[in-house]
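Reading the structure
Okay, here's what each chain looks like letter by letter:
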Amino acid sequence: MNKAKRPAVIAGNWKMNKTPAEAAALIEEMKPLVAGADCKVVLCVPAIDIPAAVEAAKGSNIEIGAENVHFKASGAYTGEIAANMLTEAGVKYVVIGHSERRQYFAETDQTVNLRTLAALNAGLNAIVCVGETLEQRELGYTETLLKFQTKMALTNVTEEQLKHVIIAYEPVWAIGTGVTATADQADEGNGYVRAAIAEMYGKEIAETVTVQYGGSMNAGNAEELLSKVNVDGGLIGGASLKAGDFSVIVKAAGK
Ligand code: 13P
């Protein structure tokens, strides 16, 4: 294993939080705190916040992401956003297949795959989320499920496109619960994801893919989680809404 082969990426997922004015203010607060970071810094924000966030982040090392993208280029899909709308607005990354979208908005492994392909074809970087529920873990299906979700998401993704894919392992039971996976559980889950990528693209290529951990990562536990060989970054919910906490996590990724 060689972590140096892949970029460390710390991404915030703001979920349904912050108005455009609040987004701009939070980014202004974060900018000096994350300047010169040794990892990539991304903030994935609600769609309505994107213009304000892109403007506020200008000239800094913060890149802006979206929280979803539709798989069609245009058409009668009320409430959805196409990939070229995001790129034109200055978006560089997009979260796809978050467990909240799978749970509340009928996202499936098929639609995750289609959204991933649409994002990549438009030149976006895709942050694809996978993760097991507590019930699935207790039944012993974690490895099977993580590999299945990863392979489904990456179906028809070319080797070249894979360079723009990040997989975020987010155990559903650890999201927003304050219950973090142990560093070993995170490393193991991320390892299953990497093994699935290796089965599809070969071991050497799998070593180059950034695999994040997400789920109650915070200023207190980030360093230990990020010290693990398979944990190349984090997808941060609650702690990305606080400039101080988020910057501690960003710094931990550079250690
Ligand atoms: P929390 O960090 O709030 O647990 O959320 C994690 C997450 O879902 C990031 O996408």
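See the structure printed just above.
Now for a quick tour of the structure. Numbers given to residues run from 1 along each chain, matching the order in which its sequence is written. Side-chain atom pairs in this predicted model are given and counted only at pLDDT of 80 or more, local residue features only at pLDDT of at least 70, and totals for whole chains, interfaces and linings cover all residues. The side-chain quantities take in all heavy atoms of the structure and omit both hydrogens and water.

For the rest of this paragraph, the subject is helix H12 (residues 243–253). Listed as buried for H12 are Ala-243, Phe-246, Ser-247, Ile-249, Val-250, Ala-252 and Ala-253. Contacts between residues were defined by any pair of non-hydrogen atoms, one from each residue, lying within 4.5 Å. Helical segments are the DSSP runs of H or I of at least four residues, strand segments are the runs of E of at least two, and each set is numbered from the N terminus. Buried residues along H12 sit in contact with strand S1 (9–13), helix H1 (20–34), strand S2 (40–44), helix H11 (222–226) and strand S8 (233–236). Type-normalised accessible area, obtained with a 1.4 Å probe on protein chains alone, sets the label of each residue: buried when under 20%, exposed when over 50%, and partly exposed for intermediate values.

Here the focus is the sheet that holds S1. Here we have 8 strands rolled up into a closed barrel, ordered S1-S2-S3-S4-S5-S6-S7-S8, and parallel in their pairing. Neighbour-to-neighbour, the strand axes of the sheet open up by a mean angle of 25 degrees, direction not taken into account. Note on pairing: DSSP must find at least two bridges between two strands before they are called paired. Taken together, the 3 bridges between strand S6 (residues 165–169) and strand S7 (residues 211–214) define a ladder with parallel strand orientation. For Tyr-169, the partnering residue across the bridge sits in S7 and is Tyr-213. To get an axis, fit a line to the C-alpha atoms, keeping to the stretch in contact for a helix; angles then go from 0 to 180 degrees between the N-to-C directions. Packed on one face of the sheet, helix H7 (residues 142–153) meets strand S5 (125–130) and S6 and runs near 155 degrees to S5.

Packed helix pairs are specified by the crossing angle of their axes together with the interaxial distance, meaning the distance between the axes. Where H1 contacts helix H2 (residues 50–57), the two axes come as close as 8 Å, and the packing angle between them is 25 degrees. In terms of orientation, H1 lies roughly parallel with respect to H2. In the crossing of H1 with H2, the sense of the turn from one axis to the other is right-handed. Here Pro-20, Ala-24, Ile-27, Glu-28 and Lys-31 of H1 lie close against H2, whose contacting residues are Ala-52, Ala-53, Ala-56 and Ala-57. Classification convention: Asp, Glu, Lys, Arg as charged; Ala, Val, Leu, Ile, Met, Phe, Trp, Tyr, Cys, Pro as nonpolar; all other residues, Gly among them, as polar. Taken together, the residues of the contact of H1 with H2 sort by class into 7 nonpolar, no polar and 2 charged. Working definition: roughly parallel below 35 degrees, roughly antiparallel above 145 degrees, roughly perpendicular at 65 to 115 degrees, and oblique for all remaining angles. If you view the pair so one helix is near and one far, a crossing is left-handed when the near helix is turned anticlockwise from the far one by less than a right angle, and right-handed when it is turned clockwise.

As a further point, take the pairing of strand S3 (residues 62–66). Consecutive side chains of a regular strand alternate in pointing toward one face of the sheet and then the other. Within S3, 4 of the 5 residues are buried, leaving the element largely enclosed by the surrounding structure. The pairing of S2 with S3 spans 4 bridges and is parallel. Residue pairing across strands places Val-42 opposite Glu-63, the latter belonging to S3. If the strands point away from the viewer and the path from the first strand over the helix to the second runs clockwise, then the crossover is right-handed. Handedness of the crossover joining S2 and S3 through H2 is recorded here as right-handed. As judged from the 2 bridges shared by S3 and strand S4 (residues 93–96), these two strands associate in the parallel manner. By the bridge assignment, Ala-66 is partnered in S4 with Val-94. In terms of handedness, the path from S3 via helix H3 (residues 83–88) over to S4 forms a crossover that is right-handed.

What follows deals with H1. Multiplying one less than the number of residues by 1.5 Å gives the expected span of a helix. Between its terminal C-alpha atoms H1 stretches 21 Å, which fits the 21 Å expected from 15 residues at 1.5 Å a residue. Regarding H1, the residues found buried are Ala-23, Leu-26, Ile-27, Met-30, Lys-31 and Val-34. Remark: Gly-36 follows H1 within two positions and exhibits a positive phi of approximately 75 degrees.

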